[in-house]
Amino acid sequence: MAREFEVVGVVGLGTMGAGIAEVFARNGLRVVGVELDDAAIARARTHLEHSTARATERGKLTEQDAGALLERISMTTDLNDLSEVDLVIEAVPERLDLKAEIFAAVDKIVRPDVVLASNTSSLSLTELSVRTGRPARVVGMHFFNPAPVQQLVELVRTVVTEQDVVDDMVAFAGRIGKVPVVIGDRAGFIANALLFGYLNHAARMFEERYASREDIDAAMRFGCGYPMGPLALLDLIGLDTAYEILMTMYNQSKNLMHAPTPVFKQMITAGLLGRKSGRGFYSYDGPDSPKVVADAHSPADGAADAVSGRPVQLVGVVGTGTMATGIVEVLAKAGLDVVVRGRSEGKIEAAVGAVKRSLDKAVVRGRLSEEDREAAIARIRATVNLEDMADCDLVIEAVAEEIDIKRAVFETLDEVCKPGAILATTTSSLPVIDCAAATARAGDVVGLHFFNPAQVMKLVEVVSTIATAPDVVATARELCTRLRKHAVFCGDRAGFIVNALLFPYLNDAVKMLEAHYASADDIDAAMKTGCALPMGPFELLDVVGLDVSLAIEQTLYQEFRMAGYAPAPLLEHLVTAGRLGRKTGQGFRDYSAR
Ligand code: NAD
């Protein structure tokens, strides 16, 4: 017989505890919440009232149900009030000594059969369990923030957890509408082990002023479809909590990717804990408010226009591949005149044909008028001679990702293009300065990293080298606005913003699979339902192509020499075996039968 949980104790009603209490109460359970003092209880009440009011506004909860929900939650400052509960979940700050103390105390108060769960994000459940007289009935029940919204619950078992306790907790997670994955006791479990290296890296980028906080966040939202950028997410998680999680992971892994970057400690010491304190990477209009307000780091109005760009009407595109074709279409649709250069008549015909077919599709879908299609097509001129780029105001190179080929193109463009013409590269991994150095106009060279498919993806990374002139960056900014793209600005480092943040995380997922900690399905599910990512890491790797992914990881490793960036051997083996993902029918998964 499965255990029935009717009354649940929640110790600590902060960011997570209050949300967890709400989840239980929404599902008809009675909750006894324990906090430190009356002020903390008042804070928790306000948190719950705000959260249920938001759910009511959105029509997810009737006012009557919201009232009943709140009535099911009682709050106290005395742990002894937990004597009658059927399950206890602890959500106090992420410190082992504090949690162990609470576990030891609660162990003496509740019935012997009661399961003790911790919401810890990274601490060892085994360590906590041995502080009690019931190690076999101690588990991790790791909710995600905000608990009422995120579906995933990681159920963590130790080497001594009884199987029936695990089974009961899986059933219980289902009853409260969550998706459980059962895993072993390793720092960070699945989701945080993969997420926090990425978050730490984003904080480091911010600290090094590689890009602004707004651009780092926008890059991941528009480049990867993430619901939130990493710095906004850190503010939501709480910087103190993030710091503790990173420290626990670092102590276990000794992986520098997990060593909290110094800015965390500085911000925590200064009281900038994120949303809960009203200020973290961003400023909010009050503690616990999600509303971002302008501060000293906000881009000042008009600052972007301080330098004006050069006039651009005629744009050259070198190349006839996927990216070049997409970019030609985007340019022509935005009213720019385009000269596209291919190496043969055949390649050009194919590329222009692809643009026409794509425009036709847009007409069929009602997104483009026939007139606009004709006008866009009329603006495209094709050539096999780079010399025909002579009058272009800007040329975008999108040829094969090989430095010698790109340098040769830049050398010729530099000779044939008029003075003042801007030369841009779409490279995703080569140094832009290498292209610039092939010319006698390094100041006029910039990276314009479009994402695939260029017609759809809103993001463009504008990459400045040490030589790029400010009015060239301004021109790139203005062009992106005309193309209705979201431009973010960064320096000339391997991976720019998006790939540098994304691929080490994907690599970590492969290493986790290789270590047999969890299956590809569980890892994908955890990242989608716990972190609301649009795709799991293995789904994404198979779509991007394992060869392309491996090449990016190698570039990142060669540039930064972080041991953690070294490509996972499993990825190398799959590439060697020709399993490159969807394009070959097999990668991490087999698509041949589908
Ligand atoms: P928080 O600082 O927002 O809340 C902790 C609460 O515990 C505070 O309200 C504090 O007053 C209370 N508290 C402290 N000592 C207590 C005691 N002795 N008895 C009762 N209450 C006490 O922290 P949080 O972000 O809610 O994190 C809580 C736990 O949840 C941590 O283990 C954290 O790792 C984990 N977690 C956090 C997130 C997240 O995104 N923040 C997500 C999943 C899990």
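Owing to the predicted nature of the structure, the values given are computational and were not obtained by experimental measurement.

1. Observations concerning the UniProt feature "domain: 3-hydroxyacyl-CoA dehydrogenase NAD binding" (unreviewed entry) in the chain
Right, on to step 1. Those residues carrying the UniProt feature "domain: 3-hydroxyacyl-CoA dehydrogenase NAD binding" (unreviewed entry) are residues 8-185 and 315-492 in this numbering.
Right, on to step 2. End C-alpha atoms of residues 8-185 are separated by 23 Å, and the span's content is 41% helix alongside 21% strand.
Right, on to step 3. Across residues 315-492, helical content stands at 41% and strand content at 22%; the span's end C-alpha atoms are separated by 23 Å.

2. Remarks on the sheet that holds strand 14 (residues 394-397)
Right, on to step 1. Ordered by their spatial adjacency, eight strands build an open sheet running 13-12-11-14-15-16-17-18, and the pairing between neighbours is mixed. Each edge of the open sheet carries a strand with a single partner, namely strand 13 (380-383) and strand 18 (486-491). Here the average twist between neighbouring strands, direction ignored, is 25 degrees.
Right, on to step 2. Of the strands in this sheet, strand 17 (459-464) and strand 18 are in contact with helix 8 (residues 213-224), which crosses strand 18 at around 125 degrees.

3. So, the site of the ligand
Right, on to step 1. With respect to spatial proximity, 24 residues lie near the ligand, and among them Met 16, Glu 35, Glu 94, Lys 99 and Ser 121 are the closest.
Right, on to step 2. One of the side-chain N or O atoms of Thr 15 is found 2.8 Å from an oxygen atom in the ligand.
Right, on to step 3. Contacts to the ligand include Val 92, whose backbone N or O atom sits 3.4 Å from an oxygen atom.
Right, on to step 4. Elements represented by at least two residues in the shell around the ligand include exactly helix 1 (15-26), helix 4 (96-109) and strand 6 (138-143).
Right, on to step 5. For the shell around the ligand, the residue count by class is eleven nonpolar, nine polar and four charged.
Right, on to step 6. Looking at which domains feed residues into the shell around the ligand, each of domain 1 (7-184) and domain 2 (191-293) gives three or more.

4. Remarks on the packing of helix 19 (residues 520-531) against helix 20 (residues 537-544)
Right, on to step 1. Helix 20 packs onto helix 19 with a crossing angle of 100 degrees between their chain directions and a minimal axis gap of 7 Å. Between helix 19 and helix 20, the interaxial angle falls into the category roughly perpendicular. On helix 20, the residues that touch Ala 520, Ile 523, Asp 524, Met 527 and Lys 528 of helix 19 are Pro 537, Phe 538 and Glu 539.
Right, on to step 2. In terms of residue class, the contact of helix 19 with helix 20 is built from five nonpolar, no polar and three charged.

5. Quick word on the sheet that holds strand 7 (residues 152-156)
Right, on to step 1. Spatial strand order, 3-2-1-4-5-6-7-8: eight strands in an open sheet with mixed pairing. Of all the strands in the sheet, the pair left with one neighbour each is strand 3 (73-76) and strand 8 (179-183). Between one strand axis and the next, the sheet turns by 25 degrees as a mean value, whatever way the strands run.
Right, on to step 2. Pairing analysis gives five bridges linking strand 7 to strand 8, with the strands arranged parallel.

6. Here's the deal with the UniProt feature "domain: 3-hydroxyacyl-CoA dehydrogenase C-terminal" (unreviewed entry) in the chain
Right, on to step 1. With numbering matched to this structure, UniProt assigns "domain: 3-hydroxyacyl-CoA dehydrogenase C-terminal" (unreviewed entry) to residues 188-284 and 495-591.
Right, on to step 2. Counting secondary structure, residues 188-284 comes out at 61% helix and 2% strand; the distance between its end C-alpha atoms is 28 Å.
Right, on to step 3. The distance from the first to the last C-alpha atom of residues 495-591 is 29 Å, and the span holds 62% helix and 0% strand.

7. Quick notes on the environment of Met 323
Right, on to step 1. Looking at where Met 323 falls in the secondary structure, it is placed in helix 12 (residues 322-333).
Right, on to step 2. Residues Met 323 and Gln 150, 173 residues apart in the sequence, show an inter-C-alpha distance of 35 Å.
Right, on to step 3. Setting aside anything within four residues of it in sequence, one finds Met 323 in contact with Phe 450, Phe 451, Asn 452 and Ala 454.

8. Structural notes on the nonpolar core
Right, on to step 1. Within the largest apolar cluster, 125 residues are counted, with the highest numbers of intra-cluster contacts made by Leu 82 and Ile 190.
Right, on to step 2. When near neighbours in sequence (up to four residues on either side) are disregarded, Ile 190 contacts Glu 154, Val 181, Ile 183, Met 512, Tyr 517, Ala 518, Asp 522, Ile 523 and Ala 526.
Right, on to step 3. Grouped together as the second largest cluster of nonpolar side chains are 43 residues, Val 328, Leu 331, Ala 398 and Val 462 included.

9. Looking at the domain arrangement of the chain
Right, on to step 1. Splitting the chain by domain gives domain 1 (7-184), domain 2 (191-293), domain 3 (305-491) and domain 4 (502-584).
Right, on to step 2. On a C-alpha basis, the centroid separation for the pair domain 1 and domain 2 is 25 Å.
Right, on to step 3. At the junction of the two partners, domain 1 supplies ten residues and domain 2 supplies nine residues.
Right, on to step 4. Note on domain 1 versus domain 2: buried area summed over both sides is about 870 Å², and carbon and sulfur give 55% of it.
Right, on to step 5. When the area that domain 1 buries against domain 2 is broken down by residue, the three leading residues are Glu 94, Ser 122 and Asn 145, summing to 41%.
Right, on to step 6. Counting across the interface, domain 1 meets domain 2 through zero salt bridges.
Right, on to step 7. Of the residues belonging to the side of domain 1 that touches domain 2, the class tally is two nonpolar, six polar and two charged.

10. A few points about the pattern of salt bridges
Right, on to step 1. Per the counting criterion, the structure on display carries 31 salt bridges.
Right, on to step 2. Notably, a salt bridge pairs Glu 401 with Lys 406, separated by 3.6 Å at the nearest N-O pair.
Right, on to step 3. Salt bridges linked by common partners bring Asp 360, Glu 370, Arg 373 and Glu 374 together as one network.

11. Observations regarding the pairing of strand 18
Right, on to step 1. Burial of strand 18 is extensive: five of the six residues sit out of reach of the surface.
Right, on to step 2. Across six bridges, strand 17 lies against strand 18 in parallel orientation. Following the sheet pairing, Leu 459 is matched in strand 18 by His 486.
Right, on to step 3. A crossover links strand 17 with its parallel partner strand 18, the connecting element being helix 17 (residues 470-482), and its sense is right-handed.

12. Observations concerning the packing of aromatic side chains
Right, on to step 1. Tallying each qualifying case throughout the model produces eight aromatic pairs.
Right, on to step 2. Ring centres of Tyr 198 and Tyr 226 lie 5.9 Å apart, and the angle between their planes is 80 degrees; this geometry places the pair in the edge-to-face category. With Tyr 198 in helix 7 (residues 191-207) and Tyr 226 in the loop between helix 8 and helix 9 (230-237), the pair connects residues that are 28 residues apart, well separated along the chain.
Right, on to step 3. Judged by centre distance (6.5 Å) and plane angle (85 degrees), the ring pair of Phe 264 and Phe 281 falls under edge-to-face.

Thresholds applied
Residues numbered from 1 in each chain as written. Predicted model: local features only at pLDDT ≥ 70, side-chain atom pairs only at ≥ 80, totals over all residues. Heavy atoms only, no water. UniProt positions renumbered as here; feature names shortened; annotations may be inferred. Helix = DSSP H or I, 4+ residues; strand = E, 2+ residues; numbered from the N terminus. Pairing = 2+ DSSP bridges. Axes fitted to C-alpha atoms, helices over the stretch in contact; angles between N-to-C directions. Contact = heavy atoms within 4.5 Å. Near = heavy atom within 4 Å. Polar contact = N/O pair within 3.5 Å; in protein donor to acceptor, adjacent residues only side chain to side chain. Nonpolar A, V, L, I, M, F, W, Y, C, P; charged D, E, K, R; others polar. Domains from an automatic or database assignment. Parallel < 35°, antiparallel > 145°, perpendicular 65-115°, else oblique. Core = buried A, V, L, I, M, F, W, Y, C linked by side-chain atoms within 4.5 Å. Buried < 20%, exposed > 50% of the residue type's maximum accessible area, 1.4 Å probe, protein only. Buried area = accessible area lost by both parts, 1.4 Å probe. Salt bridge = Lys/Arg side-chain N within 4 Å of Asp/Glu carboxyl O. Right-handed = clockwise from strand over helix to strand, strands pointing away. Phe/Tyr/Trp six-rings, centres within 6.5 Å; stacked < 30°, edge-to-face > 60°.

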